[in-house]
Amino acid sequence: MRWIRLLKPLIFSRFQTKLTISQTSTLQFSVWLSDIDATIMNHAAMMTVFETGRIDYMVRTGFFKLARHKKWYVPIASINVQFFRPLKVFQKAVLTTRVFHMTEHFIFMEQKITRSGKDVAICMVKCKIKSGRENITTQEVLNFLNAKNIPAESKELVELFEKQDKAFKEKFFEKE
């Protein structure tokens, strides 16, 4: 059933208001019966909701169409999610997605699920754009999208994220 949730933004986002790279995508969603474990929405279902937000953002900014034309794809290099409150079946919530920082090869996105004004979960995604094995620079993407400004806020947060990511990799891939 999760594939239906992923198809929705591919079909319907093209009829929504277009976004610039610096704007925020907002989606409302409901918790489906297939999303719950016992009584609350499970983490895998929330990750699918986060993915729908990224798809909606890419479609509405025009990036999805550009990526299909150029045969680009967007692998996630790292993701950090924190869950604060549960969502129960049939509850409605809001997902926001935005790009808040870019480096030469990486795009950092912030995603947030809220319900009744309270944070349910937050997600920080680090991704890159590739064509085959080649890395595509973010400047090239911005040029194709006619974007003037590179989002570069929260540099300290990105540095902290990178430091944590590096420590995590070193711990799990340390030499024996």
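This text gives an overview of the structure that appears in the document. Treat the numbers as computed from the prediction; the structure is a model and nothing was measured.

1. Quick look at the environment of Glu159
Relative to the helices and strands, Glu159 resides in helix α5 (residues 155-172). The spatial distance from the C-alpha of Glu159 to the C-alpha of Phe144 is 27 Å, given a sequence separation of 15 residues.

2. Quick look at the sheet that holds strand β7 (residues 118-127)
Read from one edge of the open sheet, five strands run β1-β5-β6-β7-β4, paired in antiparallel fashion. Where the open sheet ends on each side, the last strands, each with one partner, are β1 (25-30) and β4 (76-83). Put simply, the sheet's adjacent strands are angled 20° from each other on average, direction ignored. Bridge count for β1 against strand β5 (residues 92-102) is six bridges, and the pairing is antiparallel. What sits directly across from Ser30, in β5, is Lys92. Helix-sheet contacts for α5 involve β4, β5, β6 (107-115) and β7, and the interaxial angle to β7 is about 75°.

3. Some words on the pattern of salt bridges
Tallied over the entire structure, the rule returns seven salt bridges. Lys169 is the salt-bridge partner of Asp165, the closest N and O atoms lying 3.3 Å from each other. Here the residue Asp165 and the residue Lys169 both occupy positions in helix α5, the gap between them amounting to four residues, near one helical turn. Take Lys169: its relative accessible area is 41%, and that puts it in the partly exposed class.

4. Points about the environment of Ile4
Position of Ile4 among the secondary structure elements: in helix α1 (residues 2-12). Among the residues examined, Ile4 registers a relative accessible area of 30% and is labelled partly exposed. Remark: the alpha-carbon pair of Ile4 and Phe173, spanning 169 residues in sequence, is separated by 36 Å.

5. A short note on unusual backbone geometry
Working note: non-glycine residues mostly have negative phi, and peptide bonds are mostly trans. Unusually for a residue other than glycine, Phe90 sits at a positive phi of about 70°. Locating Phe90 in the fold gives a position in the loop between β4 and β5. The phi dihedral of Asn146 falls on the positive side, at around 55°, and the residue is not glycine. As for its placement among the helices and strands, Asn146 is situated in the loop between α4 (138-144) and α5. The class of Asn146 is exposed, set by a relative accessible area of 59%.

Rules used throughout
Residues numbered from 1 in each chain as written. Predicted model: local features only at pLDDT ≥ 70, side-chain atom pairs only at ≥ 80, totals over all residues. Heavy atoms only, no water. Helix = DSSP H or I, 4+ residues; strand = E, 2+ residues; numbered from the N terminus. Pairing = 2+ DSSP bridges. Axes fitted to C-alpha atoms, helices over the stretch in contact; angles between N-to-C directions. Contact = heavy atoms within 4.5 Å. Salt bridge = Lys/Arg side-chain N within 4 Å of Asp/Glu carboxyl O. Buried < 20%, exposed > 50% of the residue type's maximum accessible area, 1.4 Å probe, protein only.

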